[in-house]
Amino acid sequence: MLARLLVIVAVLSFPFGAAAANLAIKAFAGKWQGSAVSESDISVHFRLTSRDIDVEIKPSADGFDITWNTVQRQSGDPGNPKERLKSTSLSFRETGPNLWAWTGNADPLTSDAPYVWATVRERTLIISSLRIYADGRHELQIYRRTLSGTGMTLEFERLVDGQNVRRASGRLVKVAN
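In what follows, the accompanying structure is described. (Residues numbered from 1 in each chain as written. Predicted model: local features only at pLDDT ≥ 70, side-chain atom pairs only at ≥ 80, totals over all residues. Heavy atoms only, no water.)

**Concerning the overall build of the protein chain**
Logical step 1: Along the protein chain, the regular secondary structure elements total 1 helix and 10 strands.
Logical step 2: Across the protein chain, helices and strands are ordered from the amino to the carboxyl terminus as α-β-β-β-β-β-β-β-β-β-β.
Logical step 3: In the protein chain, which comprises 177 residues, the proportion classed as buried is 41%.
Logical step 4: Within the protein chain, contacts between residues at least 6 apart in sequence are counted, and of these 40% link residues at least 24 apart.
Logical step 5: Taken as a whole, the protein chain presents about 9,800 Å² of accessible surface, with 54% of it coming from carbon and sulfur. (Helix = DSSP H or I, 4+ residues; strand = E, 2+ residues; numbered from the N terminus. Buried < 20%, exposed > 50% of the residue type's maximum accessible area, 1.4 Å probe, protein only. Contact = heavy atoms within 4.5 Å. Areas by Shrake-Rupley, 256 points an atom, 1.4 Å probe, with all protein chains shown as cover.)

Take a look at the structure:
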């Protein structure tokens, strides 16, 4: 059942049609900084907020490590929102051609931790995170980081029980190798 759900989610995460060659993970290596705009369907006072974002990607012998930081502005006084830094660091190990699994993965039906995997589709590094709650609800977060001629774009979606409750999009530039 879990394997079937993961396959369905993975298939729905990828675009269809003729595909160009996938970039190697090393193409994404480096430190990137930028900003994003977040849209929320669940916040009354903070439906549209700005975020400062940075990401660092380091290829390793058998996978890659990624750290991303987001300064969120989505609470407090809407005229002067509180800033909150959210940081995430994950290590991925290759599990197959163009497929990496988070080293902290456990069974999402019995663990509080999400099940996280990554893949590259053409010029886009896609990191997906699936969490299943004790009451049966589920949350899927998808981060799409696409390389372009001018840097990297970020597209983020957070879905709860299939409903898109938050979206973010932004641009980053490479500041270090």
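**Things to note about the pairing of strand S5 (residues 99-102)**
Logical step 1: Note that strand S4 (residues 80-96) and S5 share 4 bridges and pair antiparallel. Its bridge partner being in S5, Glu94 is matched across the sheet by Trp100.
Logical step 2: Where S4 folds back on S5, the antiparallel hairpin that results is connected by 2 residues, among which Asn98 adopts a positive phi of roughly 60°.
Logical step 3: In terms of strand pairing, S5 meets strand S6 (residues 115-121) through 3 bridges, oriented antiparallel. The residue of S6 that forms the bridge with Leu99 is Thr119. (Pairing = 2+ DSSP bridges.)

**Description of the layout of surface pockets**
Logical step 1: By volume, the largest pocket is sized at about 320 Å³.
Logical step 2: Going through the elements one at a time, strand S2 (48-60), strand S3 (63-77), S4, strand S8 (138-148), strand S9 (151-160) and strand S10 (163-176) are the ones with two or more residues in the lining of the largest pocket.
Logical step 3: Partitioning the lining of the largest pocket into residue classes produces 9 nonpolar, 5 polar and 7 charged.
Logical step 4: Approximately 270 Å³ is the volume attributed to the second largest pocket.
Logical step 5: Looking at the second largest pocket, it is lined by 14 residues, and the ones nearest its centre are Thr88, Pro114, Ser129, Arg131 and Gln141. (1 Å grid on protein atoms, 1.4 Å probe; cavity = no way out; pocket = protein on both sides within 12 Å on 5 of 7 lines; lining within 4 Å. Points joined across faces, edges and corners; volume = space filled by probe spheres on them. Nonpolar A, V, L, I, M, F, W, Y, C, P; charged D, E, K, R; others polar.)

**Points about the pairing of strand S1 (residues 30-40)**
Logical step 1: Examined bridge by bridge, S1 and S2 share 10 bridges and lie antiparallel to one another. In the sheet register, Gly34 faces S2, and the bridge partner there is Ile53.
Logical step 2: Relative to S10, S1 is paired through 10 bridges, and the arrangement is antiparallel. Looking at the pairing, Gly34 lines up with Leu172 of S10.

**Some details on unusual backbone geometry**
Logical step 1: In this structure, Asn98 takes a positive phi of about 60° despite not being glycine.
Logical step 2: Residue placement: Asn98 occurs in the loop between S4 and S5.
Logical step 3: Here the phi dihedral of Glu122 falls at roughly 60°; this positive angle occurs in a residue that is not glycine.
Logical step 4: Its location among the elements puts Glu122 in the loop between S6 and strand S7 (124-132).

**A look at the nonpolar core**
Logical step 1: In this structure, Phe64, Ile66, Phe92, Leu125 and Ile127 are the most contacted members of the largest nonpolar core, which totals 26 residues.
Logical step 2: Residues contacting Phe92, with those up to four places away along its chain left out, are Asp62, Gly63, Phe64, Asp65, Ile66, Trp100, Ala101, Trp102, Val116, Trp117, Ala118 and Ile127.
Logical step 3: Counting residues in each nonpolar core, the second largest holds 6 residues, with Leu130, Ile132, Leu140 and Ile142 among its members. (Core = buried A, V, L, I, M, F, W, Y, C linked by side-chain atoms within 4.5 Å.)

**A look at the packing of aromatic side chains**
Logical step 1: Taken as a whole, this structure holds 5 aromatic pairs when the rule is applied.
Logical step 2: Arranged with centres 5.6 Å apart and planes meeting at 80°, the rings of Phe64 and Trp100 form a pair that is edge-to-face. Of this pair, Phe64 sits in strand S3 while Trp100 sits in strand S5, and the two are 36 residues apart along the sequence. When sorted by exposure, Phe64 lands in the same class as Trp100, which is buried.
Logical step 3: Between the aromatic rings of Trp68 and Tyr143, the centroid separation amounts to 4.8 Å while the plane-to-plane angle is 50°, which identifies the pairing as tilted. Of this pair, Trp68 sits in strand S3 while Tyr143 sits in strand S8, and the two are 75 residues apart along the sequence. For the residue pair Trp68 and Tyr143, the accessibility class agrees, reading buried in each case.
Logical step 4: An aromatic cluster is present here, built from Phe64, Phe92 and Trp100 joined pairwise through their rings.
Logical step 5: Directly above the ring of Tyr133 sits Arg137, whose terminal nitrogen or CZ lies 4.7 Å from the centroid. (Phe/Tyr/Trp six-rings, centres within 6.5 Å; stacked < 30°, edge-to-face > 60°. Lys NZ or Arg CZ within 6 Å of the ring centre and 35° of its normal.)

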